[in-house]
Amino acid sequence: MDIRTVATQPYSDQKPGTSGLRKKVPVFQQPNYLENFIQSIFNSLEGYQGQTLVVGGDGRYYNRQAIQIILKMAAANGFGRTLVGKGGILSTPAASYVIRKNNAFGGIILSASHNPGGPHEDFGVKYNISNGGPAPEKVTDAIFANSKTIAEYHLLDAPDVELDQVGRFKLGEMVVEVFDSVSDYVELMQSLFDFDRIRQLLTGGQFRMCMDSLHAVTGPYAHALFEEVLGAPAGTVLNGVPLEDFGGGHPDPNLVYAHDLVEIMFGADAPDFGAASDGDGDRNMILGRNFFVTPSDSLAVLAANAKLVPGYKDGLAGIARSMPTSQAPDRVAARLGIECYETPTGWKFFGNLLDAGKATLCGEESFGTGSNHIREKDGLWAVVFWLNVLAVRQQSVEQIVKEHWQQFGRNYYSRHDYEAVDAERANKLIEGLRAKLPTLPGQKLGSYEVEYADDFSYTDPIDGSVSQKQGVRIGFTDGSRMVFRLSGTGTQGATLRLYLESYEPNIANHGLDPQVALGEMIQLADELAQIKTLTGMDKPTVIT
Ligand code: G1P
Ligand code: ZN
C-alpha cells in the first residue's frame, strides 16, 4: 500500500463554529488546508482502527474533490470501511441516520448548510460522532487544538474513486461502499408517520402541496418521498435537482430566500401547504395558504399534536429548544406536564438530552426541528410531520396555528440579522452590552421592566459540561425577552443576531404583524445596544 506521510504547517483559523468549520472555497483550496483539518479530526479520535466512517455532503462546489481526499486519508489512517453517499450526496439528516443504523464510528459531513455555494462561496466540514449527532464541544476543542500543532498527515496514493455508481470496492485495505441513502431515509419516515393517511390527503383531489428544495440536497429525497411514495402529482417538488451553486440562490428556507415558494403560497390560488428545506436538508420552513408558521410556533404545534402521529403516539418525554427560540414550546410542555430544556444555540447541545431519553422533540428558531429518530434536525421530517397532522385534523395550517394561539396564547417573535458587520464593531457592541448587564435588573425601559439580564451559561444536565457566553439576554417582568448574540456560522465579518419575543395571552390581540407587536422592543434594543450607530446599518439585512 502506498501510504504517504506529508509534512505540513498548521493554519491558525481552524476553529469549528456552531456547526463545523466553514470557510470560503478558496480558503479550503489552500495547500493542505482540508488535509490538515481532516487529519486533526482523526488525531483527536481514538479507537477507530478498522471501524466504519460515513462520508457525504450537500453536493455543493468542492464536495466531490473533498470526498476523494477524505477517502484516501481515511484509508491511510486505518478506517476499515467508509460508507459514501452516491454522487457524494448525503443530506445531513440522512447521514445521521446512516451513522446510527450502521453503528459507524462517526461521519464527516461536507456542507455549509444554508450558505451559498460555488467557487467563491462557502464550504464546510463537520464531524459527527457515533450517536449520529454533531461532535460535542470537547471533541471540537480537541480538533482545534490538534490543528494548531499538526506537522504531518497521511494519505493513500491511489486513483480517484467512482462515486456515481452504487458499488463496493477496496481502497488500500479499506472497503468503500457507495450507496443510495434515499430508500433508507424513506423507510425511516415510513416507520414514524401514517403514510396511508397522508397518501389519502395528497391524492384525494382536495389538498395541494408544494415543496421547494432550492436546488439543494433534498431534491432526490423529496421526489421519492412526496411524488413516488406518497402519491403527490409530479411537479410538487420545485427546484429538485441539486446543483453545485444551488442555481445561484441562497439555499436558506425563509421568507426572503425561498422567494419562488413564497410567491406561490401568497399568490392567487395558492396551494394548501408549502414547505422548503436548506442546502443540506436539516432546516425547514412551513407555510399555509397565505400564512407563515414561525419555526418556534411550528415546534410548539408539533409538540401539542404529537399524539396524532404514530411515531409519537405514546407522548413525549420532554422538549428541548435553543435559548433564543421563543417560549411557545415551554407553554405546551407545561400543559403536558413534561420538561422543556433550554440549551445554547446549535444542535450539538441536544445530543445528550436525546441520548438520555430526556427529550423527544427539539427545535431552534432558525428553522430547525427534529426528534429522537436521529441526532440532527431534519427538514423533510418536519414537513411529513405537518402533513400527518393536517391529514388527521382536516383543517388548514392557519386554523391549526390560530387554535393553538387560542389555547396557549401567542408568542410574538422575530429575529433581526445584521450581516457582514465589521467584527471589531460587533464585538464592541456585545462587550458594551455585557458591561451594562449588572445595572439593568429592576430598571424600567419604556413600558417594560427588566427582570433579569445575563450572558447565558449552560450546564449540561447529563455530563455536567459548562458552556459560557452563549448570548446576552434581557428578560422583562411580563415574559418578553430580547437576546443578542454573534453568529458562529458566518464566513464574512460578523453577523449580529437580535432575537425579540413578547407574549400575548389575549386572543383579541393575536392578529398583529410581529414587527408591529414588537415595535417598542425593537426600538429599545437599538437604544440599549446602539445597533445602528455601531453597525453603521439603519436596518437589518434579514428579518425572519
Ligand atoms: C445558525 C443558527 C443555529 C443553527 C446553526 C446551524 O447558527 O442560528 O440555530 O443551529 O445556524 O444550522 P449561528 O449562525 O447563529 O451561530
Ligand atoms: Zn442546514
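Just so it is clear, the structure is predicted and the values come from calculations on it, not from any experiment.

(A) Expanded view of the coordination of the zinc ion (ligand 2). Protein-derived ligands of the zinc ion (ligand 2) are Ser 113 (OG), Asp 278 (OD), Asp 280 (OD) and Asp 282 (OD), with the metal-ligand distances lying across 2.0 to 2.1 Å. The site at the zinc ion (ligand 2) holds four donor atoms, and with the angles between them running 85 to 161°, its shape is irregular. All donors to the zinc ion (ligand 2) come from one chain, and their sequence spacing reads S-x164-D-x1-D-x1-D. Take Asp 278 and Asp 282: they sit in the same class, and that class is buried.

(B) Structural detail: the side chain of Lys 348. Mapped onto the fold, Lys 348 is located in the loop between β16 (339-343) and α12 (351-355). Summary of buried charges: Lys 348 has no salt-bridge partner, and the nearest side chain of opposite charge, Glu 137, is 4.6 Å away. A polar side-chain atom of Lys 348 sits 3.5 Å from the main-chain carbonyl oxygen of Gly 17. Once you skip the residues sitting within four places of it in the chain, Lys 348 turns out to touch Gly 17, Thr 18, Pro 134, Ala 135 and Glu 137.

(C) Fine view of the site of ligand 1. Near ligand 1 you find 14 residues, and of these Thr 18, Ser 366, Arg 485, Gly 488 and Thr 489 are the closest. At a separation of 2.6 Å, an oxygen atom of ligand 1 approaches a polar side-chain atom of Arg 485. One nitrogen or oxygen atom from the side chain of Thr 489 is found 2.5 Å from an oxygen atom belonging to ligand 1. Relative to its unbound accessible area of 380 Å², ligand 1 is 98% covered by the protein chains. Across the shell around ligand 1, the residue classes break down as no nonpolar, seven polar and seven charged.

(D) Focus on the sheet that holds strand β14 (residues 291-293). Strand order in the open sheet formed by five strands is β11-β10-β12-β13-β14, and the pairing between neighbours is mixed. Sheet topology places β11 (237-238) and β14 at the edges, where each strand pairs with a single neighbour. Both strand β10 (residues 209-212) and β11 contribute to a ladder of two bridges, which runs parallel. Paired with Asp 212 across the bridge in β11 is Leu 238.

(E) Quick peek at the sheet that holds strand β2 (residues 21-24). Pairing is mixed across the open sheet formed by seven strands, whose spatial order is β2-β6-β5-β3-β4-β9-β8. Every interior strand has two partners, whereas the edge strands, β2 and β8 (167-171), have only one. When strand polarity is set aside, the average angle formed by the axes of neighbouring strands in this sheet is 20°. Pairing analysis gives four bridges linking β2 to strand β6 (residues 122-128), with the strands arranged antiparallel. Each residue of the ladder has a partner; that of Arg 22, found in β6, is Gly 124. Taken strand by strand, helix α2 (residues 33-43) contacts β2, β3 (52-57), β5 (106-110) and β6, and its axis lies near 15° from that of β6.

(F) Region of the structure containing helix α3 (residues 63-77). The terminal C-alpha atoms of α3, which comprises 15 residues, lie 21 Å apart, in line with the 21 Å expected from a rise of 1.5 Å per residue. With 13 of its 15 residues buried, α3 lies for the most part within the structure. Following α3 by one or two positions, Gly 78 adopts a phi angle in the positive range, close to 100°.

(G) Structural context of the pattern of salt bridges. Here the structure, examined in full by the defined rule, presents 30 salt bridges. Across the pair Asp 252 and Arg 283 runs a salt bridge, and its minimum N-O distance is 3.2 Å. Placement of Asp 252 in the loop between β11 and α9 (259-265) and of Arg 283 in the loop between β12 (273-277) and β13 (284-288) is noted, with a sequence separation of 31 residues between them. Arg 283 shares its class with Asp 252; the two are buried. Because the salt bridges share partners, they merge into one network encompassing Arg 321, Asp 330, Glu 342, Asp 454, Arg 473, Arg 481 and Glu 501.

(H) The packing of helix α6 (residues 181-192) against helix α8 (residues 218-229), seen in detail. It is the contact of α6 with α8, at a shortest axis distance of 9 Å, that shows an interaxial angle of 55°. Judged by the angle between their axes, α6 and α8 are oblique. Handedness of the α6/α8 crossing: right-handed. Residue-level inspection shows Ser 181, Val 182, Tyr 185, Val 186 and Met 189 of α6 in contact with α8, the latter providing Pro 220, Tyr 221, Ala 224, Leu 225 and Val 229. Looking at the contact of α6 with α8 residue by residue, the classes come out as nine nonpolar, one polar and no charged.

(I) Molecular detail of the environment of Gln 492. Following the sequence through the fold, Gln 492 ends up in the loop between β25 (481-486) and β26 (494-504). Gln 492 sits in the exposed class, given a relative accessible area of 53%. Setting aside residues up to four positions removed in sequence, Gln 492 forms contacts with Lys 24 and Ala 420.

(J) Local environment of the nonpolar core. If you look at the biggest cluster of nonpolar residues, it comprises 73 residues, and the most contacted ones within it are Phe 193, Phe 226, Phe 273, Trp 381 and Trp 386. In terms of residue count, helix α13 (residues 379-393) provides more of this core than any other element does, 11 residues in total. Sequence-distant contacts of Trp 381, defined by excluding residues within four places in its chain, comprise Tyr 185, Met 189, Leu 192, Phe 193, Leu 302, Tyr 312, Leu 361, Thr 369, Gly 370, Ser 371 and His 373. Core analysis: the second largest hydrophobic core is formed by 44 residues, Leu 34, Phe 79, Phe 123 and Val 125 among them.

(K) Inspection of the packing of aromatic side chains at higher detail. Counted by the stated rule, this structure contains 20 aromatic pairs. Centre to centre, the rings of Phe 42 and Phe 79 are 5.2 Å apart; their planes meet at 55°, and the pair counts as tilted. Here Phe 42 is found in helix α2, whereas its partner Phe 79 is found in the loop between α3 and β4 (81-89), with 37 residues between them in sequence. Residues Phe 42 and Phe 79 agree in their burial class; the two are buried. Chaining the aromatic ring pairs together yields one cluster made of Tyr 11, Phe 28, Tyr 33, Tyr 62 and Phe 123. In this structure, Arg 331 packs its charged tip against the face of Tyr 503, placed 3.4 Å from the ring centre. Lying over the aromatic face of Trp 405, Arg 410 brings its terminal NZ or CZ to 3.9 Å of the ring centre.

Cut-offs used in this document
- Residue positions are given per chain, counted from 1 along the sequence in the order it is written.
- All chains are assigned letters beginning with A, and all ligands numbers beginning with 1, in the order in which they are written.
- With pLDDT at 70 or above as the cut-off, local features in this predicted model cover only qualifying residues; side-chain atom pairs require 80 or more to be listed or tallied, and sums for whole chains, interfaces and linings still use all residues.
- Side-chain measures were taken over the full set of non-hydrogen atoms in the model, leaving aside hydrogen atoms and water.
- Atoms are scored as donors when they are N, O or S and lie within 2.8 Å of the metal, with 3.2 Å used for Na, K and Ca; no water is included, so coordination may look incomplete.
- Only two sets of limits are used to name each site, 85 to 135 degrees for every angle of a tetrahedral four-donor site, and over 155 degrees for opposite donors with all other angles from 65 to 115 for a square planar four-donor or octahedral six-donor site, with any other site named irregular.
- Throughout, exposure labels follow a simple rule: accessible area from a 1.4 Å probe, protein chains only, divided by the maximum for the residue type, with under 20% read as buried, over 50% as exposed, and the rest as partly exposed.
- The helix count covers DSSP runs of H or I at least four residues long, the strand count covers runs of E at least two residues long, and both are numbered beginning at the N terminus.
- Think of it this way: Lys and Arg go in the positive column, Asp and Glu in the negative one, and His and the chain ends go nowhere.
- Criterion for a salt bridge: a side-chain nitrogen of Lys or Arg within 4 Å of a carboxyl oxygen of Asp or Glu.
- What qualifies as a polar contact is a pair of N or O atoms within 3.5 Å, subject to a donor-acceptor requirement within protein and to the restriction that residues adjacent in sequence count only when both atoms come from side chains.
- Contacts are assigned to residue pairs that have any heavy atoms within 4.5 Å of one another.
- We call a residue near a given molecule or strand whenever any one of its heavy atoms falls within 4 Å of it.
- In this description, accessible areas are obtained by the Shrake-Rupley approach with a 1.4 Å probe, and a residue is regarded as covered only by the protein chains that are shown.
- Each residue gets one of three labels, nonpolar for Ala, Val, Leu, Ile, Met, Phe, Trp, Tyr, Cys and Pro, charged for Asp, Glu, Lys and Arg, and polar for the others, Gly among them.
- Strand pairing is assigned whenever DSSP detects at least two bridges linking the two strands.
- Structural elements are reduced to axes, namely lines fitted to C-alpha atoms, with helices fitted over the stretch in contact, and the angle between N-to-C directions of any two is expressed from 0 to 180 degrees.
- Expected span of a helix, by definition, is 1.5 Å for each gap between consecutive residues, and there is one gap fewer than residues.
- Note on terminology: angles under 35 degrees are roughly parallel, angles over 145 are roughly antiparallel, angles of 65 to 115 are roughly perpendicular, and the others are oblique.
- Note on convention: near helix rotated counterclockwise from far helix by under a right angle means a left-handed crossing. Clockwise means right-handed.
- Residues enter a nonpolar core if they are buried and are Ala, Val, Leu, Ile, Met, Phe, Trp, Tyr or Cys, with the set joined through side-chain atoms within 4.5 Å.
- Only Phe, Tyr and Trp rings take part, Trp by its six-membered ring, and two of them pair if their centres are within 6.5 Å. Stacked means planes under 30 degrees apart, edge-to-face means over 60, and tilted covers everything else.
- Only lysine NZ and arginine CZ atoms are considered, and such an atom sits over a ring when it is within 6 Å of the ring centre and within 35 degrees of the ring normal.

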